[in-house]
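Coordinate inspection notes
Letter by letter, the chains look like this.
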Amino acid sequence: MFEKRRCRMNVILVVLVVLCIVGYIFKLNSLTPSYYKVIRNVKLFELRSGISEDEHDDLLWLPSDNFNASHYIHSDNNSMIHEPKLQKDAFALSYPKTQILIVCHSAPSNFVRRDTIRETWGAKLDALPMSLVFLIGKTRDMEVQKKIDFESLMYKDILQEDFLDSYRTLSIKSVFMLKYLNYLVDDLRFPVRFVLKLDDDSYLNPLALFKFTSVASIHPMTIFGKALGPGSPVHRPGEIDEAKWTVPKYVYKEDIFPNAASGSGYLFDVEAGMCLYRKSLEVPLINLEDIFLTGLLRHKCGIHLRNNSKFHFLGLNVCQIRKTDILIHRVKKPAHMYLIHEILNGVSKCEAKEKGFQEDNISDATADADEKSDVLMSFKI
């Protein structure tokens, strides 16, 4: 009798151990549901395009690459690995035509930058009819993907799409942004009127942006940002030291680019965005994202480009920042992002203790301006 009871207890104990193990595995998989989908899709991407992730570390497209965006975008399918949950339009009655979608382009591993944004200017969006999403691509790093899965579960602001994230695929990334806009337009719950694209090293002033939309609303089919200027010469590989700003002849045959806005940040209305998306599936890709979207596609759509001095694409001396400034680019250190946020919100004042940041910011901007004046174009409009 005693032996039977002990045997029964052992069986129950084994069953409990098995259930615990199964439960742990299920919980682990629930936190990382997309990793295996990412790996599968990476392999499919390589089969379709002939491009491996290692090759994507290169800055330029290869002659064997497919330059048709529709080859990568899957326009007829939902390709989102992680879909953000936009805040409900609680301000619809007060602001029925000013819902602004902010799409921050980020790299998969840039967790610190995304957290810094959430704790600074991103925290100001709740009081305005705006929604912020972070657009990222895929990574083969399992640990990074696990963190992304948890980040998406925690904040619900991650838009992870089905492409290999690298410098070379920035144009594809922007087309996925337009695809997401097209998806939202079909969803009547979110009456999006404007889209602001920016990089994750940019500080955005949400209130200044919101006020500016009253001006933007009377200029439909327009892109607002820092216009780079018309007549920019196309630099070929080997002509300049900065390879990422060169475009091979087999990618783009013309010798001059159309006028375009800096990719650090620009604003456009939904009507313009829908046309940009349609044309993106027809116009061959090039490796310069801002030239592709705000130059080539804009030209095909007949969209206007308006220069706005409140978009500072080369950074700005912290003591010169004003509450009317919309965007400051090249804020690469979290401490600088927090400092700008505190100054604009009256928590801190620009004093001598910030002198080091001013000098760093000015020197970086000056160096970039000198370099880009030779590389890209005249900034006079």
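Residues numbered from 1 in each chain as written. Predicted model: local features only at pLDDT ≥ 70, side-chain atom pairs only at ≥ 80, totals over all residues. Heavy atoms only, no water.

Residue position: P248 is located in the loop between β7 (232–233) and β8 (256–257). Once the C-alpha coordinates of P248 and I286 are considered, the two residues, 38 residues apart in sequence, prove to be 9.2 Å apart. When sequence neighbours within four positions are dropped, the list of residues in contact with P248 reads L60, W61, R236, P237 and N287. (Helix = DSSP H or I, 4+ residues; strand = E, 2+ residues; numbered from the N terminus. Contact = heavy atoms within 4.5 Å.)

This part is about the packing of aromatic side chains. Any aromatic ring pair is given by two values, namely how distant the centres are and how the planes are angled relative to each other. By the definition in use, this model includes 7 aromatic pairs. Centroid distance W61 to Y72: 6.1 Å. Interplanar angle 65°. Geometry classified as edge-to-face. Here the residue W61 occupies a position in the loop between α2 (35–49) and α3 (70–73), and Y72 occupies one in helix α3, the gap between them amounting to 11 residues. Neither W61 nor Y72 differs from the other in exposure class; each is buried. Members of the aromatic cluster, connected to one another through ring pairs, are W61, F67 and Y72. Here R114 stacks its cationic end above the ring of F111, 4.9 Å away from the centre of that ring. The cationic tip of R118 hangs over the ring face of Y155; the distance from NZ or CZ to the ring centre is 3.9 Å. (Phe/Tyr/Trp six-rings, centres within 6.5 Å; stacked < 30°, edge-to-face > 60°. Buried < 20%, exposed > 50% of the residue type's maximum accessible area, 1.4 Å probe, protein only. Lys NZ or Arg CZ within 6 Å of the ring centre and 35° of its normal.)

For the rest of this paragraph, the subject is the confidence of the model for the chain. Mean pLDDT over the chain: 80, with 73% of residues reaching 70 or higher. Predicted confidence for residues 24–40 stays below pLDDT 50, and this span has 25 contacts to residues more than four positions away or in other chains. Note that residues 42–57 has pLDDT below 50 and, in this model, 34 contacts with residues that lie over four places away or in other chains. (pLDDT = per-residue confidence, 0-100.)

Attention now goes to the state of the cysteines. Here the structure, examined in full by the defined rule, presents 1 disulfide. The disulfide partner of C275 is C301, and the gap between their sulfur atoms is 2.2 Å. Disulfide C275-C301: the torsion about the S-S bond is -105°, which places it as left-handed. Placement of C275 in helix α8 (residues 270–280) and of C301 in helix α9 (residues 289–301) is noted, with a sequence separation of 26 residues between them. Accessibility expressed as a relative area gives 8% for C275, which makes it buried. The class of C301 is buried, set by a relative accessible area of 13%. (Disulfide = S-S within 2.5 Å.)

Turning next to the pairing of strand β6 (residues 222–227). For β6, the buried fraction is high: 6 of the 6 residues fall into the buried class. One ladder, built from 4 bridges, connects β6 with strand β10 (residues 304–307); its direction is parallel. Directly across from I223, in β10, lies its bridge partner L305. In terms of strand pairing, β6 meets strand β9 (residues 261–269) through 4 bridges, oriented antiparallel. Paired with G225 across the two strands is Y266, which belongs to β9. (Pairing = 2+ DSSP bridges.)

Despite not being glycine, H74 shows a phi value in the positive range, around 55°. For H74, the position within the fold is in the loop between α3 and β1 (99–105). Judged by relative accessible area, which is 16%, H74 ranks as buried. Here M221, not a glycine, exhibits a phi torsion of approximately 55°, which is positive.

If you look at the biggest cluster of nonpolar residues, it comprises 56 residues, and the most contacted ones within it are L101, M177, F268 and I286. Apart from the residues lying within four places of it in its own chain, the contact partners of I286 are W61, S171, V251, Y252, F257, I291, F292 and L296. Listed in part, the 40 residues of the second largest apolar core include I102, L209, L327 and V331. (Core = buried A, V, L, I, M, F, W, Y, C linked by side-chain atoms within 4.5 Å.)

Another aspect to go through is the pattern of salt bridges. The final tally for this structure, using the stated rule, is 15 salt bridges. Between K197 and E289 there is a salt bridge, and its shortest N-O distance comes to 3.7 Å. Of this pair, K197 sits in strand β4 (residues 192–199) while E289 is found in helix α9, placing the two residues 92 residues apart along the sequence. On the accessibility criterion, K197 (2% relative accessible area) is buried. The class for E289 is buried, based on a relative accessible area of 9%. Among the salt bridges present, the one from K279 reaches E282, with a minimum N-O distance of 3.7 Å. By relative accessible area, K279 is classed as partly exposed at 25%. With a relative accessible area of 56%, E282 lands in the exposed category. (Salt bridge = Lys/Arg side-chain N within 4 Å of Asp/Glu carboxyl O.)

The next point concerns the pairing of strand β2 (residues 130–138). Two faces, one strand: in a regular strand the side chains alternate between the faces of the sheet. Among the 9 residues of β2, 9 are classified as buried, and the element is accordingly described as predominantly covered. Strand direction decides the pairing type here: β1 and β2, joined by 6 bridges, are parallel. Each residue of the ladder has a partner; that of V103, found in β2, is V133. Handedness of the crossover joining β1 and β2 through helix α4 (residues 111–119) is recorded here as right-handed. Judged from the 4 bridges that link them, β2 and strand β3 (residues 158–164) form a sheet pairing that is parallel. Across the sheet, the residue bridging to L135 is L159, located in β3. Following the backbone out of β2, through helix α5 (residues 142–155) and into the adjacent parallel β3, one traces a crossover that is right-handed. (Right-handed = clockwise from strand over helix to strand, strands pointing away.)

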